[in-house]
Amino acid sequence: MGELIAELKKANIYQGKSMVLQDVNISVEKGEFIFLVGKTGTGKSSLLKTLYGELKLTEGEGQVVGFDLKKLTWKTVPYLRRNIGIVFQDFQLLTDRNINDNLRFVLSATGWKDQKLMEDKINDVLDKVGLKTKGFKYPFELSGGEQQRVDIARALLNSPKLILADEPTGNLDPETTDEIMNLLFHISRDFGTTILMATHDYVVINKYPARVMKTE
């Protein structure tokens, strides 16, 4: 058995007062690529939000990258998130600044101070996602696929053990979807990063075989 990155045992997951998932048992090991599948509204996003500390785990047990989810406080959530990368469907880039400054903003927010190290890290993650020359562009100057690559670069900034991707190909055409999927598999395989990707796109799942978990 490899290093355990995330685990939920007998977890009930709530959105507000309503339970969206009952008796969830999952374990995720280092370097795994896992699809989290289920119809829209079956709790995939709520499960991811629980793993990155946006939704409080109140029933059952859970740990992510060594943090006990039941003991998380507003003070400890930022430390959890430094070990996790989050990739959204709608990119969530800051439109009023260029790509370098988008990434610099995240580094500053997670405690980086040294400008030279920040510069090196930004160049490194943009290189990893194939956008080395695009740092001075603004989000509106990039295609949807390029914006999603920036989103993935942002998720890589703190060298996370775990990337949570919520429908990352949901707004992309098939060709761009292939590019993003190949990039995610490359990150998982070559850097040993665990990736848990929520999707309801069975074309993607069939084309890129990996472990599948289901929400119902």
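Note that the structure is a prediction, hence the values are computed from the model and not measured.

Draft legend 1. Fine view of the overall build of the protein chain. Counting its regular elements, the protein chain contains 7 helices and 9 strands. In terms of overall size, the protein chain behaves like a compact globule, its C-alpha atoms giving a radius of gyration of 17 Å where 216 residues would be expected to give roughly 17 Å. Counting only C-alpha atoms and orienting by the principal axes, one finds that the protein chain spans roughly 45 × 40 × 35 Å. Classification of the 216 residues of the protein chain by burial places 50% in the buried group. Positive and negative charge centroids in the protein chain, built from 29 and 29 side chains respectively, lie 5 Å apart.

Draft legend 2. Representation of the nonpolar core within the structure. Judged by nonpolar contacts, the single largest core of 37 residues is most densely connected at Phe33, Phe35, Ile152, Met181, Leu184 and Met197. Only strand 3 (33–37), helix 3 (99–109), helix 4 (115–128), helix 5 (144–156), strand 7 (162–166), helix 6 (174–191), strand 8 (194–199) and helix 7 (202–207) provide two or more residues apiece to this core. When residues in this core are grouped by element, the largest group, 6 residues, is from helix 6. Sequence-distant contacts of Met181, that is, excluding residues within four places in its chain, are made with Phe33, Phe35, Thr169, Met197, Val204 and Tyr208. Formed by 29 residues, the second largest nonpolar core is a distinct cluster that contains Ile26, Tyr52, Leu57 and Leu196.

Draft legend 3. Quick look at the sheet that holds strand 9 (residues 211–214). Pairing in this open sheet of 5 strands is parallel, and the strands run 6-7-8-3-9 from one edge to the other. Looking at strand neighbours, the two that pair on one side only are strand 6 (84–87) and strand 9, the edges of this open sheet. Adjacent strand axes in the sheet meet at a mean angle of 20° when their direction is disregarded. The sheet contacts of helix 6 involve strand 3, strand 7 and strand 8, and relative to strand 3 the element is tilted by about 130°.

Draft legend 4. Representation of the packing of aromatic side chains within the structure. Scanning the entire structure with this criterion turns up 4 aromatic pairs. With a centroid separation of 5.3 Å and an interplanar angle of 65°, the aromatic rings of Phe33 and Phe35 are classed as edge-to-face. Taken individually, Phe33 and Phe35 each receive the classification buried, so the pair is uniform in this respect. Ring centres of Phe33 and Phe185 lie 4.0 Å apart, and the angle between their planes is 10°; on these two criteria the pair is classed as stacked. Taken together, the residues span a long stretch of sequence, with Phe33 in strand 3 and Phe185 in helix 6 at a distance of 152 residues. Joined through ring pairs, the aromatic side chains of Phe33, Phe35, Phe185 and Tyr208 make up one cluster. One Lys or Arg, Lys128, reaches over the ring of Phe191 and ends 4.6 Å from the middle of that ring.

Definitions and limits used
- Sequence order as written defines residue numbering, which begins from 1 separately in each chain.
- The predicted origin of the model limits local features to residues at a pLDDT of at least 70 and limits the giving and counting of side-chain atom pairs to 80 or more, whereas totals for whole chains, interfaces and linings rest on all residues.
- Hydrogens and waters are ignored; side-chain quantities use all the structure's heavy atoms.
- Each helix is a run of H or I in the DSSP string that is no shorter than four residues. Each strand is a run of E no shorter than two, and both are numbered from the N terminus.
- Atoms counted for the radius of gyration: C-alpha only. Globule rule: 2.2 Å times the number of residues to the power 0.38.
- Three exposure classes are used, based on accessible area relative to the maximum for each residue type with a 1.4 Å probe and protein chains only: buried under 20%, partly exposed in between, and exposed over 50%.
- Just so you know, the count uses Lys and Arg for positive and Asp and Glu for negative, and it drops His and the chain ends.
- Charge positions come from single atoms, namely NZ of Lys, CZ of Arg, CG of Asp or CD of Glu.
- Here the nonpolar core consists of buried residues drawn from Ala, Val, Leu, Ile, Met, Phe, Trp, Tyr and Cys, with membership extended through side-chain atoms lying within 4.5 Å.
- In this description, contact between two residues means that some pair of their heavy atoms is separated by no more than 4.5 Å.
- Two strands form a pair only when DSSP identifies at least two bridges running between them.
- Here the axes come from fitting lines to C-alpha atoms, over the contacting stretch only for helices, and the angles between their N-to-C directions go from 0 to 180 degrees.
- Note on ring pairs: Phe, Tyr and Trp rings are taken, using the six-membered ring of Trp, and paired if centres are within 6.5 Å. Classes follow the plane angle, with under 30 degrees stacked, over 60 edge-to-face and the rest tilted.
- Working rule: Lys NZ or Arg CZ, within 6 Å of ring centre, within 35 degrees of ring normal, means a charge sits over the ring.

Function cannot be inferred from these measures alone, as they are strictly geometric.
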